[in-house]
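Residue strings, one per chain:
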Amino acid sequence: MSIWLDGVLRDATTASVSVFDHGLTVGDGVFETLKTVEGRPFALTRHLDRLTRSARGLGLPDPDHDEVARACAAVLEANPMPLGRLRITYTGGQAPLGSERGAHGPTLVVAVSGTTRRPDSTAVVTVPWIRNERGALTGLKTTSYAENVVALARAREQGASEALFANTVGQLCEGTGSNVFVVLDGEIHTPPVASGCLAGITRALTVQWTGAKETDLPLDVLERADEIFLTSSLRDVQAVHRVDGRELPGASGPVTAKAMRIFEERSRADMNP
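Before going into details, it helps to say that this report is about the structure given with it.

Cut-offs used in this document
Residues numbered from 1 in each chain as written. Predicted model: local features only at pLDDT ≥ 70, side-chain atom pairs only at ≥ 80, totals over all residues. Heavy atoms only, no water. Helix = DSSP H or I, 4+ residues; strand = E, 2+ residues; numbered from the N terminus. Rg over C-alpha atoms; globule rule 2.2 N^0.38 Å. Buried < 20%, exposed > 50% of the residue type's maximum accessible area, 1.4 Å probe, protein only. Contact = heavy atoms within 4.5 Å. Areas by Shrake-Rupley, 256 points an atom, 1.4 Å probe, with all protein chains shown as cover. Lys, Arg positive; Asp, Glu negative; His and termini not counted. Charge placed at Lys NZ, Arg CZ, Asp CG, Glu CD. Pairing = 2+ DSSP bridges. Axes fitted to C-alpha atoms, helices over the stretch in contact; angles between N-to-C directions. Salt bridge = Lys/Arg side-chain N within 4 Å of Asp/Glu carboxyl O. Polar contact = N/O pair within 3.5 Å; in protein donor to acceptor, adjacent residues only side chain to side chain. 1 Å grid on protein atoms, 1.4 Å probe; cavity = no way out; pocket = protein on both sides within 12 Å on 5 of 7 lines; lining within 4 Å. Points joined across faces, edges and corners; volume = space filled by probe spheres on them. Nonpolar A, V, L, I, M, F, W, Y, C, P; charged D, E, K, R; others polar. Phe/Tyr/Trp six-rings, centres within 6.5 Å; stacked < 30°, edge-to-face > 60°. Lys NZ or Arg CZ within 6 Å of the ring centre and 35° of its normal.

## Some details on the overall build of the protein
Moving on, step 1. Scanning the protein for helices and strands turns up six helices and 15 strands.
Moving on, step 2. Computed over C-alpha atoms, the radius of gyration of the protein comes to 19 Å, within 12% of the 19 Å expected from 2.2 N^0.38 for 273 residues, which places it in the range of a compact globule.
Moving on, step 3. Taken along the three principal axes of its C-alpha coordinates, the protein extends 55 × 40 × 30 Å.
Moving on, step 4. Going through the 273 residues of the protein one by one, you find that 48% of them count as buried.
Moving on, step 5. Restricting to contacts in the protein with at least 6 residues of sequence separation, those with at least 24 account for 69%.
Moving on, step 6. Accessible surface, the protein: about 12500 Å² in total, of which carbon and sulfur atoms supply 52%.
Moving on, step 7. Taking the 28 positively charged and 33 negatively charged side chains of the protein as two groups, their mean positions are separated by 3 Å.

Okay, structure coming up:
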C-alpha cells in the first residue's frame, strides 16, 4: 500500500509523521473522506472546497488544490481497487508541545483503503451528549474527533452503526459521521447547517436532487417520522430501520427508496457534480 506524504508517494509501512505534528498532539488538522469507484474519486471538487473552508476556519494556510488532486490521483493509481475510502488529512504540521503552531508548515497525507457497499438499511441510537452549534469548530471537518469516537462506541454497544446528536437547544443535529433526514407526510426534511451539523457533501447533493427542505426539527421527531435516512460519502443514502427501541417497519420506505435511487443514478452519471 502506498500513501502520499508531503509531496512524495511512500510505502505505508515505512512512512512516518513527526510525533510533534500538531495534528497528533492537539488535533490541529482537517480532513476529507471520499468514496472512490474504480479509481475515480466522487465529488472531488466539492471535497477540496470544504477542505479549504475547514482549513480557513482553523487559521491554516489554504491547501493547494492542484497538489491535493495530484496526490489523490497518484494514490489511486498506485492502489487500484473497485470501491475505496480515500482520506485527505491536512494538519498544522510540526510544532512545539502546546497549542501554539510552529513554523514548519502544514502536513499533507493522502491514503486509501478498500471498502464494501453499505447495507440498504441500518440501526441508529440517540446519545446523551450534544453538539454545540456556537462552538469554534462548528461546521468544520477537523481531526478533533474524540467525541465522535465515544458516541460511535456507544452505538456499537447497542447494535447500531451510528449515533445521533441533538444540539444545545434540543434540536436534531447530525450523526458522528453522517447527516440525518426525516420524512413527514411525504416530505423530506433535514436540519439546517445553523443547527450545528456539518455541511455534508452527500447531504447537499441529496437536498439538491430530491428537493428536501432544511427545517429546525426537535429531537423527538425521530419518534414520529414516517421514514428516516442517513447520508454520507460512504453511505450515500441509507435507510434507517431502527432508532433506539423504535422499529420502522418496511424500511426502506417509498420516499427513502426514491431518494436512494435518485442519488445512485445521478452520482453514477456524474462523478464530480
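## A closer look at the sheet that holds strand E5 (residues 83-91)
Moving on, step 1. Spatially, six strands are ordered E2-E1-E6-E5-E3-E4 in an open sheet, and the strand pairing comes out antiparallel. Since the sheet does not close on itself, it has two edges, and those belong to strand E2 (8-11) and strand E4 (40-41), each with one partner.
Moving on, step 2. Helix-sheet contacts for helix H2 (residues 44-58) involve strand E3 (29-37), E4 and E5, and the interaxial angle to E3 is about 170 degrees.
Moving on, step 3. On the sheet, helix H3 (residues 65-78) packs against strand E1 (2-5), E2, E3, E4, E5 and strand E6 (107-114) and is oriented at approximately 30 degrees with respect to E6.

## Some points on the pattern of salt bridges
Moving on, step 1. Here the structure, examined in full by the defined rule, presents 13 salt bridges.
Moving on, step 2. Taking the shortest distance from any N to any O, the salt bridge between Lys 35 and Asp 236 comes out at 3.1 Å. Placement of Lys 35 in strand E3 and of Asp 236 in strand E14 (residues 236-243) is noted, with a sequence separation of 201 residues between them. You'll find Lys 35 and Asp 236 in the same group, each marked buried.
Moving on, step 3. Here the residues in one salt-bridge network are Arg 117, Arg 118 and Asp 120, joined through shared partners.

## Quick notes on the side chain of Thr 190
Moving on, step 1. Mapped onto the elements of the fold, Thr 190 is located in strand E11 (residues 187-190).
Moving on, step 2. There is a polar contact of 2.7 Å between the side chain of Thr 190 and the backbone oxygen of Val 180.
Moving on, step 3. Every residue in contact with Thr 190, bar those within four places of it in the chain, is listed here: Val 180, Phe 181, Arg 203, Val 207, Lys 213, Glu 214, Thr 215 and Leu 217.

## As for the layout of surface pockets
Moving on, step 1. Considered as a void within the structure, the largest pocket measures approximately 1200 Å³ in volume.
Moving on, step 2. In this structure, the largest pocket is lined by 49 residues; those nearest its centre are Lys 141, Tyr 145, Thr 176, Gly 177 and Ser 178.
Moving on, step 3. The leading source of residues in the lining of the largest pocket is helix H4 (residues 146-157), at six residues.
Moving on, step 4. Residues belonging to the lining of the largest pocket are distributed by class as follows: 12 nonpolar, 25 polar and 12 charged.

## Focus on the packing of aromatic side chains
Moving on, step 1. Per the counting criterion, the structure on display carries four aromatic pairs.
Moving on, step 2. On the numbers, 4.8 Å between centres and 10 degrees between planes, the contact of Phe 181 with Phe 229 is stacked. Taken together, the residues Phe 181 in strand E10 (residues 179-184) and Phe 229 in strand E13 (residues 227-232) connect sequence positions 48 residues apart. For the pair Phe 181 and Phe 229, one class covers both residues: buried.
Moving on, step 3. One cation-aromatic arrangement involves Lys 35 over Phe 42; the distance from NZ or CZ to the ring centre is 5.2 Å.
Moving on, step 4. Above the face of the Phe 31 ring, Arg 87 is positioned so that its terminal group lies 3.8 Å from the ring centre.

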